[in-house]
Amino acid sequence: MNRITVIIERAENNFSAYVREVDGITATGKSIDEIKASINGAIEEFKAACIELDCEIPSELMGDYEIVFELDIRSLLEIYQGIFTKSGLERLTGINQKQLWHYAKGISKPRQEQRKKIESALHRLGSELVSLSL
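The notes below deal with the structure included here. Keep in mind it's a predicted model, so treat the numbers as computed, not measured.

**Side note on the packing of helix H3 (residues 86-93) against helix H4 (residues 97-105)**
Next up, step 1: Relative to each other, H3 and H4 sit at 115 degrees, their axes nearing to 9 Å. With respect to their mutual orientation, H3 and H4 come out roughly perpendicular. The crossing of H3 and H4 is right-handed. Between H3 and H4, the contacting residues are Lys86, Ser87, Leu89 and Glu90 on the first element and Gln97, Leu100, Trp101 and Ala104 on the second.
Next up, step 2: In terms of residue class, the contact of H3 with H4 is made up of four nonpolar, two polar and two charged.

Following this line, the structure appears as structure tokens:
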């Protein structure tokens, strides 16, 4: 199964997304859900255009493929600012609130180690929540 990476970035008034592996597939949206719907539609439109224009469909889009969404830390912190407080993220990640604020404002970008720390903490939280029954 092919893996397609959709990069989501902050634009001026919304979020924009593009497929890393295939040039020409883009989408916009005000939320992650909108981006997901838009990018799926854009992929299908791209494939239909290839067929219509008698162009070869890129191998990455042939057969089954998995779409993976990738956010930068600034966008992540902005999207989920009403859900995750800086103090809560500090407890989850061990990264101090001031540094998280700098990431959220774009004053500085986290090193790879810090990005992995945030990602791992969120995945642990997600796994913990999925395992609960209420």
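**Observations regarding the packing of aromatic side chains**
Next up, step 1: Under the criterion given, the structure shown has one aromatic pair.
Next up, step 2: Between Tyr80 and Phe84, the ring centres sit 6.2 Å apart and the planes meet at 65 degrees, which makes this aromatic pair edge-to-face.
Next up, step 3: Positioned above the aromatic ring of Phe15, the side-chain terminus of Arg10 is 4.7 Å from the ring centre.

**A word on the sheet that holds strand E3 (residues 26-29)**
Next up, step 1: Strand order in the open sheet made by the four strands is E3-E2-E1-E4, with mixed pairing throughout. Both edges of this open sheet fall to E3 and strand E4 (65-71), since each of them pairs with a single strand only. Taking each pair of neighbouring strands and ignoring which way they run, the sheet shows an average axis angle of 25 degrees.
Next up, step 2: Bridging between strand E2 (residues 15-19) and E3 involves four bridges; their strand directions are antiparallel. Bridge pairing in E3 places Ser16 opposite Thr28.
Next up, step 3: In the packing of helix H1 (residues 32-52) onto the sheet, the strands contacted are strand E1 (2-10), E2, E3 and E4, and the crossing angle to E3 comes to about 155 degrees.

**Concerning the pairing of E2**
Next up, step 1: Side chains Phe15, Ala17 and Val19 project from E2 onto a buried face, and the interleaved Ser16 and Tyr18 project onto a face without burial.
Next up, step 2: Where E1 and E2 come together, five bridges link them in antiparallel fashion. In the strand pairing of E2, Glu9 is matched with Ser16.
Next up, step 3: Where E1 folds back on E2, the antiparallel hairpin that results is connected by four residues.
Next up, step 4: Taking the residues between adjacent antiparallel strands as the criterion, E2 and E3 are bridged by six residues, where Gly24 takes a positive phi near 95 degrees.

**Observations concerning helix H5 (residues 112-130)**
Next up, step 1: Here H5 spans 27 Å end to end across 19 residues, near enough to the 27 Å set by a 1.5 Å rise per residue.
Next up, step 2: Among all positions of H5, only Gln114, Ile118, Ala121 and Leu122 are buried. Each buried residue of H5 lies within a common arc of 90 degrees when the element is viewed along its axis, so the set occupies one face. Of the residues in H5, the exposed ones pointing more than 90 degrees away from the buried face are Glu113, His123, Arg124 and Val130.
Next up, step 3: The secondary structure elements touched by the buried residues of H5 are helix H2 (73-79), H3 and H4.

**Quick notes on the packing of H3 against H5**
Next up, step 1: As a packed pair, H3 and H5 sit with axes 9 Å apart at the nearest point and diverge in direction by 95 degrees. Relative to H5, the element H3 lies roughly perpendicular. Of the residues in H5, those touching H3 at Leu89, Leu92 and Thr93 are Lys117, Ile118, Ala121, Leu122, Arg124 and Leu125.

Thresholds, definitions, all that
Per chain, residues are indexed from 1 in the order of the written sequence. Restriction of local features to residues with pLDDT of at least 70 applies here, the model being predicted, together with a cutoff of 80 or more for giving and counting side-chain atom pairs; totals for whole chains, interfaces and linings are based on all residues. Calculation of side-chain values draws on the structure's entire complement of heavy atoms; hydrogens and water are dropped beforehand. What counts as an axis is a line fitted to C-alpha atoms, over the stretch in contact for a helix, and the angles between N-to-C directions run from 0 to 180 degrees. The helix count covers DSSP runs of H or I at least four residues long, the strand count covers runs of E at least two residues long, and both are numbered beginning at the N terminus. Just so you know how the angles are binned, under 35 degrees is roughly parallel, over 145 roughly antiparallel, 65 to 115 roughly perpendicular, and the rest oblique. Left-handed is the label given to a crossing in which the near helix is rotated counterclockwise from the far helix by less than a right angle, and right-handed is the label when the rotation is clockwise. By the convention used here, residues are in contact when the closest approach between their heavy atoms is within 4.5 Å. Classification convention: Asp, Glu, Lys, Arg as charged; Ala, Val, Leu, Ile, Met, Phe, Trp, Tyr, Cys, Pro as nonpolar; all other residues, Gly among them, as polar. Between 30 and 60 degrees the pair is tilted, below 30 it is stacked and above 60 it is edge-to-face, where a pair is any two Phe, Tyr or Trp rings, Trp via its six-membered ring, whose centres lie within 6.5 Å. Comment: the charge-over-ring label is applied if NZ (Lys) or CZ (Arg) is within 6 Å of the ring centre and within 35 degrees of the ring normal. Two strands are counted as paired when DSSP detects at least two bridges linking them. Think of it in three bands: with a 1.4 Å probe and only protein chains considered, a residue is buried below 20% of the maximum accessible area for its type, exposed above 50%, and partly exposed in between. To estimate the expected span of a helix, subtract one from its residue number and multiply by 1.5 Å. What the arc measures is the spread of directions leading from the helix axis to the C-beta atoms.

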